[in-house]
Structure formats: structure tokens, C-alpha cells
Amino acid sequence: MLGKVTVSGARRATRTLWLLVLVSLSVSICVCRASSSSSLREEDSAMENIVTEKQAEESHRQDSADLLIFIMLLTLTILTIWLFKHRRFRFLHETGLAMIYGVLVGVVLRYGIHVPRDISNVTLSCNVNASPATLLINVSGKFYEYTLKGEISANEVDDVQDNEMLRKVTFDPEVFFNILLPPIIFHAGYSLKRRHFFRNMGSILAYAFLGTVISCFVIGLMMYGCVTLMKQVGQLDGDFFFTDCLFFGAIVSATDPVTVLAIFNELHVDVDLYALLFGESVLNDAVALVLSSSIVAYQPEGDNSHTFDVVAILKSFGVFLGVFSGSFALGVATGVVTALVTKFTKLRDFPLLETALFFLMSWSTFLLAEACGFTGVVAVLFCGITQAHYTFNNLSPESQDRTKQLFEVLNFLAENFIFSYMGLTLFTFQSHVFNPMFIVGAFLAVFIGRAANIYPLSFLLNLGRRNKIRSNFQHMMMFAGLRGAMTFALSIRDTATYARQMMFSTTLLVVFFTVWVCGGGTTQMLSCQRIRVGVDSDQDNPMSIGEGTERRSTKLESAYLFRIWYNFDHNYLKPILTHSGPPLTATLPLCCGPLARFLTSPQAFENECQLKDDDSDLILTDGDINLTYGDITVSTDASGAHTSGGLAFAGVTSDDLDRELTYGDHELVMRGTRLVLPMDDSEPPFTDPHLRLQM
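No experiment lies behind these values; they were computed from the predicted model shown.

**Q** Looking at this structure, how should I read the nonpolar core?
**A** One recurring pattern in soluble globular proteins: nonpolar side chains tend to sit buried together. Ranked by internal contacts, the top residues of the largest apolar core, which has 125 residues, are Met223, Phe240, Phe248, Phe264 and Phe488. No other element matches the 13 residues that helix α9 (residues 271-296) contributes to this core. The residues contacting Phe240, other than those within four sequence positions of it, are Val227, Lys231, Cys245, Phe438, Ala499, Met502 and Met503.

Structure, rendered in C-alpha cells:
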């Protein structure tokens, strides 16, 4: 019995031992499997990280190559511009040249370079009613986020890599509005020649506001007729409403005669013609932008958002006024704040900091207006005008030169970048819709709309102008209605629908034609219309007045409202915001003495006897002039007749006074404001020991 018990116990122990061994082996195997699985996951994760890093590096290289393309385009453009200027070629402006280079590079990128297809690309189908902006995809328990890049047609599925390359050289439209447009618009306001601008201010406002609205509706109505005809003949593949036609009319009404103005400046064309064209182009860009925003904001009540509704039209008009006035106020306010900061601080002792602050405050105006729901183009334009009128006088000489050169360079680079990009997008943009009927109708509508702007308004303006706008000037303005950066930026901002894609494609062709044909034919048009060139811009050159009455006629041409504004600005605003102008202690009432002394800078007292205002030549009419010669007060009325009172000096005749008024360094007493006008170096000064101007 004892032997049997011993044998059975040994068997049980052996079984238990084998069981323990098996359990241990199982546990070991599970642990090994788990560790191997973990190591495999770590290896997979490491491989994924390596692939991601390689993709990021490749994307970085691709982005650098894309930017290098544009840098090389600008470099080539600059070198060719130098060659053209050296050879005095005027048949092609730098912007047209940049467009040509952009077209050539676009052809190479579209048809000459192909990227091999990535075998890792996977095409899956799923039923979704709309295209979401972001997709979350579960791949083996891991969630990946994908963003929408755009629609691809069925026949381009196999060319995804080529599409990606073309998409890389297609910038986000916000890049144009937030980075490239601000320096262009600000430079237009900052470099504005106020003397000639304000002399023709009424005409410029008429062309910019009324003319742009007339052009918008003429083009919109004509394009609506064209679209209706296209529907009837079956040439329209999508929706195209009347509001879309008005929107197209608004964006192509923005003129940008940069080519013509550059030739005008080089040839020294009549300054009044230059002022009319430049002033109109500066303001009508802002008007066209706000007008297009108002058209987009048109939302009548009901299900159909494209029906005629008087209430909705009035709301859109209110949006136009509100956005424009708000943007205007914001731009002026930023300029005033910058002027006060530069006046009451000693930043002028540190020109680098002063220039940096000026740059940042000016650029932030655009972004602030856009963030507040206004229009940055309008804000930065009037900010530039305000900065030039007030802040510029507070800057140190170094900062004055730096700011001028800085924004001039930024304007040049941004403008040529945009025009070269226009040429590039002609072949790299993947959603072009070219319709021959729409294109022909657009060209006809653009030129008829321009004619409806220039000729009727010129006729009405000439009824009230002493200085008439001659017919050859009107023909030149009609010819010089080029489209450019603003039209392109407005059209590329939204290309989601069929109508907007057709507008964008047609807009490109309109810009190309006007820049190459109209811009290239500027010199020939000047010769054909017999418009004077080689005119000194510092002299007054009326359009239809004899040489003997040039000076007096330009004074009479000044706007009455501007003369009132000038007096207020010279006596109060400039002394508050700058170091120039008469001291506030001399213009404000005595009860405001402490405030006047606080706001008047010491420099104003030092410069009290050396005041000089660049705008004084704009507002002086013969009826406003009073000259004091000792005890003699001489004034002239609107007819040019002289009246005098008090004691008379022997030997002083009216001819002597005319010569003194015309040639001398004279002081004018105008409604209590003392002005010192500079002597024209081209004419000999009149000196008479018997005459002394009172201080």
C-alpha cells in the first residue's frame, strides 16, 4: 500500500510540474508576443514619423522652389526694365512685362513638368450630400485629419500630383488682400500730389463715385442681356443671376492705369490730366470694392435671393455708405493717432524706431478695418493721405526719406508680383471657364461702360468749370481705363461657383488686353491726340487758358469747399497735429489759452515767421487775397480788378503790385492766416526798395 501511495504521489507531482512548465511557457509566449507586438508598433510609429518628416521636408523644398520662381520672375523683370529704360522703349510697361514672364512660366509648369504619381494615394467613394471642410478618417484605430483643397474633375483623378504642384503656386486670395494690396494702396495715398489733386477735387470725386456707379450698372445691364442670350442659345452651363452681373460690373469698374501714369510721369504730361487719371484710379478702387461688397450683401426677403426688392436695395445702399464712411473714419483716426504720437514724443531722435512705428501703424490700419467689418482698402488709402498731410511733417529727415523709399519699394515689388502672378494663373488655375460669348460681351460692356463714365460726366463738369476738360483729354482718359491689381484681387477672392469662375477667367483676359494694348499704345495715343508733353509739374498748366492768365485761372479753379476746409486745417488741425502752422495761441480764443499752450509745440513758435504750406497755392483766389504794403491794403476781386485804400506810396502802380504778387516772396494776409509763398525759381524776383511787406 505504501508503495502504491508513493508512486501515485510522484505522478501527481510530475503532472503538477509539467502543468507549471506549460503555464510558464504560455505566459512567456504571451509576453514575447506582446513585446514583439509593442516593438512592431514602435517600429511602425517610427517609420510613420520618418515618412512624415520626409513629407514635411519635401513640402518645405517645394514651397521654397515656388517662392524662388516668383523671386526669379521679379529679378528678370527688373533687369528687363533696366534694358527698356536704357534703350528708351515705351511700348511695354514693367507690369505688362511681368505678365508675359508669368505666362511663360505658367506654360512650363502646366505642360512641361509632370510629377510621378504617388502609389500611396487611395481613392475611396462615400455618399455625402456636401463637401466637408475637414475629414476625420479612422485608419487601424488611428484618426487622421484631412482638409479640403478643392474639387477635381473625374478625368484628373490620375493627375493628383500635377494638380498638387499647380495648387502650390496658387496663393490663398487672402494673401493678396492682407499682404500685397496694403502697400500698393497706402503708397497711392502717401504719394498723392495734393496740390493738383485738390485743384481738380470736384471732377475727381465725380469720376470716382458717380462714374464708377454708372460704369457698374451699364456693364451689369449689358452682361445680363448677354447672359440671357447665352441661356437661350444653350451656351450657359450654370446659374448666372443679375446680382452676379452687377458684381462683375463692380469689379471691372476698378481702373488701374499704372502703365499710363508711369509713361505720363516719364514724359511730363500735363499735370491736370495726370491728376484726373491718378485721382480717379486711387478713389475708384475703394468705391468699386465697397460697391461689390454692397452687391454681395443684397439679400431680399423670401426664398429667392435674386428677386428685385426695394427694401433690400436700400439696405445695400446703407451698407455702402456705412462701410465707406466707417472705413474713412478709421483710416483718418489712425493717421491722427500716429501724428499725435510722433509730435508729443521724441521718437524723431531714433529714426529707426520712428520708421518702424510709422510702418506698423500704417499697415495695421488695413487689418483693423477688415477685423472690424469695414474695408481695409478705403481705410489704408485715407490713412496714407492723412499720414502724408500731418505725420510726415513730424518725422525726422531720415525717417521722411526712409518711409518714402520703403513704401515705394514695397509698392513696386507687390505690384509686379501681382501682375506676374496674373500671367501664371492663366495656366495654373484649375477651374477656368472660358466662354466666347461672355468674353466678347464683357469687352464690349467694359468699353461702353467706360465711355458712359467719361463723356457724359465731362460734359456736365465742363458746365461749371472755368478750366475745361478738352475733348482730347477725355479721349485719353477713355483710352487709359486699364484694369489691374484691384480687379484681379476682387475676382480671385471667390471662385467657388460657376459664375465666379467665368468672371475670373474673363477678368484675366480683360486685364491682359488693357495692359498690353492700351498701355502699350499710350505714347501713340498722346501723339494722336496732340497732348503736350515735357510740361514742368511745378508750374500751373491749365487746359484751355492762355499763358497770360495761367496763374489767375488756377487760383479761380480752386474748390470753394476746399478753401473753407483749408482755413480750418491751417489754423487749427495742423497746429494741433504737427509742428507747422500758426501757434494755437494766435488762433484760439483767449479762454482756451492753457489748452492752446499745451497743444502748441515749441517748434511752432520758432517757425512762426517762417511758415510755409504746400497747399496754399491751391486755395488762393483773387477774391481772397489781401496784401498789406505799409499803410496800403490791396485786394483783388474775382474779375481781377484791384482796389486799394489808405496812404499811397509814390511810384507804386498796379503793375508793380502785379509783379510783386506774381514773382516775389510775398506774405499774404488771408482771413487772419499768414502764409509765405515760395518764389518761383524760373522767374526773376521783383525787388523794389520802396516796398516792404509787413510781418
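**Q** Would you mind showing me how to read the packing of aromatic side chains here?
**A** The description of two aromatic rings rests on the distance between their centres and on the angle between their planes. Tallying each qualifying case throughout the model produces 27 aromatic pairs. Summarising the aromatic geometry, the rings of Phe447 and Phe513 are spaced 6.1 Å apart at their centres and angled 85 degrees between planes, so their arrangement reads as edge-to-face. Linking Phe447 in helix α14 (residues 436-464) with Phe513 in helix α17 (residues 498-520), this pair joins segments that are 66 residues apart in sequence. Ring centres of Phe512 and Trp516 lie 5.2 Å apart, and the angle between their planes is 15 degrees; this geometry places the pair in the stacked category. Of the two residues, Phe512 and Trp516 are both situated in helix α17; the distance of four residues between them amounts to about one turn of the helix. Classification of Phe512 by relative accessible area gives buried; the value is 5%. These aromatic residues form a ring-pair network of at least three members: Phe186, Tyr190, Phe358, Phe359, Trp363, Phe392 and Phe407. Positioned above the aromatic ring of Phe473 is the side chain of Arg470, whose terminal nitrogen or guanidinium carbon lies 4.9 Å from the ring centre. Here the guanidinium or amino end of Arg500 rests over the ring plane of Phe247, the centre of that ring lying 4.0 Å away.

**Q** Is there a simple way to explain the environment of Tyr207 in this structure?
**A** Structurally, Tyr207 can be placed in helix α6 (residues 201-232). Judged by its relative accessible area of 0%, Tyr207 is buried. Spatially, the C-alpha atom of Tyr207 lies 9.8 Å from that of Leu461, the residues being 254 residues apart in sequence. Excluding its chain neighbours within four sequence positions, the residues that come into contact with Tyr207 are Thr212, Leu276, Glu280, Asn453, Ile454, Leu457, Ser458, Leu461, Ile469 and Met477. Within the local environment of Tyr207, its side chain forms a polar contact with the side chain of Ser458, the two groups lying 2.5 Å apart.

**Q** Sorry if this is basic, but what is going on with a nonpolar patch on the surface here?
**A** Together, Leu135, Ile137, Val139 and Tyr146 make up a nonpolar patch on the protein surface, roughly 330 Å² of accessible area in all. Sort the elements by how many residues they give to the nonpolar patch and strand β1 (residues 134-139) lands first, with three residues. Its place among the elements puts Tyr146 in strand β2 (residues 142-147).

**Q** For this particular structure, what's the right way to read the packing of helix α11 (residues 351-371) against helix α12 (residues 376-394)?
**A** When two helices pack together, their arrangement is captured by the angle between the axes and the distance separating the axes. Contact pair α11 / α12: the axes reach a minimum separation of 8 Å and the direction vectors enclose 155 degrees. Comparing the axis directions of α11 and α12 gives the class roughly antiparallel. The element α11 and its partner α12 pack so that their crossing is right-handed. Note on element contacts: α12 touches α11 through Gly376, Val377, Ala379, Val380, Cys383, Gln387, Thr391 and Asn394, opposite Glu354, Phe358, Ser362, Thr365, Phe366, Ala369 and Glu370.

**Q** Where do I start with the pattern of salt bridges in this structure?
**A** When the charged atoms of two side chains with opposite charge come close together, those side chains can pair. Within the structure shown, the criterion is met by four salt bridges. Close ionic contact of Arg450 with Glu280 constitutes a salt bridge, the shortest N to O distance being 2.7 Å. Pair noted here: Arg450 is in helix α14 and Glu280 is in helix α9, with a separation of 170 residues, a long-range link. Assessed through its relative accessible area of 4%, Arg450 is described here as buried. Where Arg493 meets Glu370, a salt bridge forms, and the shortest distance between an N and an O atom there is 4.0 Å. In this pair, Arg493 is assigned in the loop between α16 (485-492) and α17 and Glu370 in helix α11, connecting sequence segments 123 residues apart.

**Q** Would you take a moment to explain the state of the cysteines for this structure?
**A** Disulfide: a covalent bond formed between the sulfur atoms of two cysteine residues. Under the counting rule described, the total for this entry stands at zero disulfides. Cysteine Cys226 remains unbridged, with the sulfur of Cys245 as its closest cysteine sulfur at 8.4 Å. For Cys226, a relative accessible area of 11% gives the class buried.

Parameters at a glance
Residues numbered from 1 in each chain as written. Predicted model: local features only at pLDDT ≥ 70, side-chain atom pairs only at ≥ 80, totals over all residues. Heavy atoms only, no water. Core = buried A, V, L, I, M, F, W, Y, C linked by side-chain atoms within 4.5 Å. Buried < 20%, exposed > 50% of the residue type's maximum accessible area, 1.4 Å probe, protein only. Helix = DSSP H or I, 4+ residues; strand = E, 2+ residues; numbered from the N terminus. Contact = heavy atoms within 4.5 Å. Phe/Tyr/Trp six-rings, centres within 6.5 Å; stacked < 30°, edge-to-face > 60°. Lys NZ or Arg CZ within 6 Å of the ring centre and 35° of its normal. Polar contact = N/O pair within 3.5 Å; in protein donor to acceptor, adjacent residues only side chain to side chain. Patch = residues over 30% accessible without salt bridge, like charges linked within 9 Å, V, L, I, M, F, W, Y side chains within 5 Å. Areas by Shrake-Rupley, 256 points an atom, 1.4 Å probe, with all protein chains shown as cover. Salt bridge = Lys/Arg side-chain N within 4 Å of Asp/Glu carboxyl O. Axes fitted to C-alpha atoms, helices over the stretch in contact; angles between N-to-C directions. Parallel < 35°, antiparallel > 145°, perpendicular 65-115°, else oblique. Left-handed = near helix turned anticlockwise from the far one by under 90°. Disulfide = S-S within 2.5 Å.

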